[in-house]
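# Coordinate analysis (summary)
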Amino acid sequence: MPDILSTKPFRWLVASLLLLGISTGAWPVRAALQSGDFQARALSQLMPRSPVIARVQFLLNEFDIYTGPVDGRMNDELNTAVKHYQRVSGLQPDGRVNEELLAHIEFKGQAQSLLARLEEASETQRDIARKQLQQSSATRSLMDKDRRNIVADPTRDPTLCYDAPTVACLITEAIEAAKAVHRRHFRDWVYGEIAIVQARARMPEAARTSAGYIDDPRLIIKTLRNIAQAQADTDQLEAAAVSAGIVPDRWSRAEALVALAGGQARAGDWPTARQSIADVRTMLGEVGDERPKTALLGALANALAAAGDEASALVILQDEGQRILYHSNNPEASAQVYKLSTLSTAYSDLDRPNEGRAYLPDVKHAVQRRTALIALARAEARAAHDTLATEVASELKEARFRAVAQADVGRIQMMAGRVDVARGSLDQADASVAEIDPSRKFSRAHAIDRISDAWLVGGFLTESENTAGQIGDAKLRAFALARIGQVNEARGNALEAQRLFLQMDAAAAEISSSLDRVWMYANACFIWRPEEARRRL
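Just so it is clear, the model here is predicted, and its values are computed rather than measured.

To continue, consider the overall build of the protein. When you go through the protein residue by residue, the secondary structure sums to 30 helices and 0 strands. Buried residues in the protein amount to 55% of all 537 residues. Once local pairs closer than 6 in sequence are excluded, the contacts in the protein between residues at least 24 apart make up 62%.

Okay, here's the thing in structure tokens:
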């Protein structure tokens, strides 16, 4: 497979996107570090994003091998799915995701016949999405093929913009660089990312124009949803309402309305928020697939609770619990277990561990129970029920998941100032890491990264750095060192920060994939001040 992302145009594209992240606040990393908010949800967004990982997630999901999020971030469920695919394909089951694995999935062996069936199903899905977009005058123009017949200007000099960057010129340079990306999947992904940046930068028309550059109509719909979510997250509520209203797919529109309802609630506009909630409920009644409904309602409940309306959030979860129990005659059915696990997790995320625990007896499926247990352990820690948090984390039989839960418990305890008990939790996490199967290299690296971050939250920079040095995965190690370096810099320890940034550069040099390396830098650079990011271009 040609390494298209090592080309100069794509490097300029990444440079534009990373500076846009700093200029517009489009990514949460820097804010999370400065505020000390290292809750699990924020931490998950610190993981580097990669279009290769996103594509592998999408394909393995279509093959019914992987059921996790398609977010471009590595996770343990993907690691397990990749190893399964590698085993059945006669490959070394190391769980690594890279361009070579993607090439195998897309073009070789058993996957070729799978892709033929996938392409047939995908074409059907594209036809449905295309018809949905063509039904509305607000989205019909996005299907104009002439909008995609654009080429990059090879004589364009982006250095003028980087010498004195503005949001407008950086977006222009990112779009120009995207034109030079020839592989459709990556180009579509990049235009989707640019659209999110434009939405956050209060450029709604430009965001929709970028969505129109996307070739796959399914991804156009997802990008329209992402635009509405980005606007809602940045309190552009009127714009978000307009954007949500033109999303033609009911499910995607419901997802956008969840974000909008949360924003309206944060702004104190409860009548409008409740109308958005009612619209979400109506749409969920029109969608045939039952499994994701509970997850979406859980997200809605969390958005309301975060805005201060815990009572409404609890009503949503209570109604959903009654609906699940009323409509199912078989509590052992996989869909039922999934919904109960999701409901348990939602209660735990709302800091209602007793309610979360109440649904666990019926969740016997190992994967679903694991998710609920990790959420419950965190909830018990946030409630200062440290003994219960330890007991729940200890219920996780696989060391790789137990280590992550124990590290998360320790991080929460550090944030609350319960340092002595946090040290005990991190010691337990270290012991669990030692039990992880050596073949699960990413799982081990991921758990150590969480432990390092827990020390960082508590202000123990030496312990954090020593732990980061044990991270085997170069991308995770580089990003951990960048975080520690940023905290040193914020404390005025300029020499220590520079030393750590040099170590980060050395770790990045170990990354064999230029794609992974570029996107590691793009994510890590978001925590630097703009002048440092420009220097590293």
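Before going further, it helps to spend a moment on the side chain of T345. The topology assignment puts T345 in helix α19 (residues 334–349). Look past the residues within four positions of T345 in its chain and what remains in contact with it is T371, A372 and A375.

Moving on, we come to the nonpolar core. Membership of the largest hydrophobic core comes to 51 residues, with the highest contact counts inside it found for V56, L60, L78, V97 and I105. The dominant element in this core, judged by the number of residues it contributes, is helix α25 (residues 441–457), at 9 residues. Setting aside chain neighbours within four positions, we find L60 in contact with I65, Y66, L78, A81, V82, Y85 and I105. Membership of the second largest hydrophobic core comes to 38 residues, among which are A240, L257, V280 and A346.

The next subject is the packing of aromatic side chains. Under the counting rule described, the total for this entry stands at 3 aromatic pairs. Residues Y191 and Y213 carry aromatic rings whose centres are separated by 5.2 Å and whose planes lie at 50° to one another, so their mutual orientation is tilted. Separated by 22 residues along the polypeptide, Y191 in helix α11 (residues 184–200) and Y213 in the loop between α12 (204–212) and α13 (217–233) bring together distant segments of the chain. Between Y347 and Y359, the aromatic rings sit 5.9 Å apart at their centres with planes inclined by 15°, giving stacked as the arrangement. In this pair, Y347 sits in helix α19 while Y359 sits in the loop between α20 (353–358) and α21 (366–382), placing the two residues 12 residues apart along the sequence. The side chain of R370 reaches across the aromatic face of F401, ending 3.7 Å from its centre. Above the face of the F460 ring, R423 is positioned so that its terminal group lies 4.8 Å from the ring centre.

You can see E320 is positioned in helix α18 (residues 310–327). For E320, a relative accessible area of 3% puts it in the buried group. For the pair formed by E320 and L343, sequence separation is 23 residues and the distance between their alpha carbons is 8.0 Å. In this structure E320 touches T294, L297 and L343, once residues within four positions along its chain are discounted. Only 2.7 Å separates the side chain of E320 from the side chain of T294, close enough to count as a polar contact.

Within the structure shown, the criterion is met by 28 salt bridges. Across the salt bridge formed by D319 and R281, the nearest N and O atoms sit 3.9 Å from each other. Of this pair, D319 sits in helix α18 while R281 sits in helix α16 (residues 270–286), and the two are 38 residues apart along the sequence. The residue E398 makes a salt bridge to R400 at a minimum N-O spacing of 2.9 Å. A relative accessible area of 5% places R400 in the buried class. In this structure, a network of salt bridges that share partners links the residues R378, D408, R411, D449, R450, D453 and R483.

What counts and how
- Residues numbered from 1 in each chain as written.
- Predicted model: local features only at pLDDT ≥ 70, side-chain atom pairs only at ≥ 80, totals over all residues.
- Heavy atoms only, no water.
- Helix = DSSP H or I, 4+ residues; strand = E, 2+ residues; numbered from the N terminus.
- Buried < 20%, exposed > 50% of the residue type's maximum accessible area, 1.4 Å probe, protein only.
- Contact = heavy atoms within 4.5 Å.
- Core = buried A, V, L, I, M, F, W, Y, C linked by side-chain atoms within 4.5 Å.
- Phe/Tyr/Trp six-rings, centres within 6.5 Å; stacked < 30°, edge-to-face > 60°.
- Lys NZ or Arg CZ within 6 Å of the ring centre and 35° of its normal.
- Polar contact = N/O pair within 3.5 Å; in protein donor to acceptor, adjacent residues only side chain to side chain.
- Salt bridge = Lys/Arg side-chain N within 4 Å of Asp/Glu carboxyl O.

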